[in-house]
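The residues making up each chain are set out below.
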Amino acid sequence: MTQEQTYLLGEQAVVLDLNCARLDNTQQNRLFALHRHLQKQAQYTDIVVGKTSLTLVLQDPTQCASWQDRLLLLWDELSAEDFHPTTHQIPVVYGQAAGPDLAPLAAQLGLSQSDIIELHSAPLYQVKFLGFLPGFAYLGCVPERLRVARLDSPRTHVPAGSVAIAEDLSAIYPSTSPGGWRLLGHSPTQLFNPHSQSPCLFQPGDNVKFVPQKEGLC
């Protein structure tokens, strides 16, 4: 059971904190349902879903106090069944120049490169939350046999579209940046467009299915 609470953050934000280290699937989907419900409101400037929290940034700071109670009421009213995720099919070219960590990771884990591709592309991943870069989605969960730590020395240059893993998460780099995740492949899918009405392709709670492309199979 969670012991949820709300508090003010700065002058214009209200946080719903679920006060636990990790959410189960039901709680997670309730949080995503709350996020989708709030997106239909007109009073906010941003909504940020965290690992176990949600932050609502309001246009009118005088409404913060009343939203503390409203968030708790909405949390009680909404259920996991109120959430209906979008599923994205993401093409991936695995290995070689597109995924420079695939071969060394296979050697490290005692698997073939084809095994890793099959394991990584098998799950239906869920967008847990976004952060680090605009459009960067943390996707769970990577199969246990593929769970490895980040690189000891992060790369200074990771190409946009790189498909990567670290610990129990996978991700796609939406833009070129430094990064320490293990690079398995590359996808041409555009994840962030600042000129779009909805700049981020992925939203919290969406499902992501990686689809290996024949030209990248090992």
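Residues numbered from 1 in each chain as written. Predicted model: local features only at pLDDT ≥ 70, side-chain atom pairs only at ≥ 80, totals over all residues. Heavy atoms only, no water.

Things to note about the packing of aromatic side chains
Rules: Under the pairing criterion, centres of Phe, Tyr and Trp rings, with the six-membered ring standing for Trp, must be within 6.5 Å; the plane angle then separates stacked pairs below 30 degrees from edge-to-face pairs above 60, leaving the rest tilted. Remark: exposure states derive from per-residue accessible area (1.4 Å probe, protein chains only) relative to the maximum for the residue type, with buried under 20%, exposed over 50%, and partly exposed in between. When the NZ atom of lysine or the CZ atom of arginine is within 6 Å of a ring's centre and also within 35 degrees of its normal, the charge is said to sit over that ring.
Evaluated as defined, the whole model comprises nine aromatic pairs. Seen from their ring centres, Phe132 and Phe136 are 5.1 Å apart, and the 85° between their planes marks the pair as edge-to-face. Residue class for Phe136 comes out buried when judged on its relative accessible area of 1%. Following the ring pairs from residue to residue traces out a cluster consisting of Phe129, Phe132, Phe136, Tyr138, Tyr173 and Trp181. Across from the ring centre of Trp75, 3.9 Å away, lies the NZ or CZ of Arg30, which sits over that ring. The positively charged end of Arg70 is found above the aromatic ring belonging to Trp67, 3.8 Å away from the centroid.

Side note on the environment of Pro188
Our working definition: A run of H or I in DSSP becomes a helix once it reaches four residues, and a run of E becomes a strand once it reaches two; helices and strands are each numbered from the N terminus.
One can find Pro188 in the loop between strand E12 (182-186) and strand E13 (207-212). A C-alpha to C-alpha distance of 6.0 Å links Pro188 and Gly161, two positions 27 residues apart in sequence.

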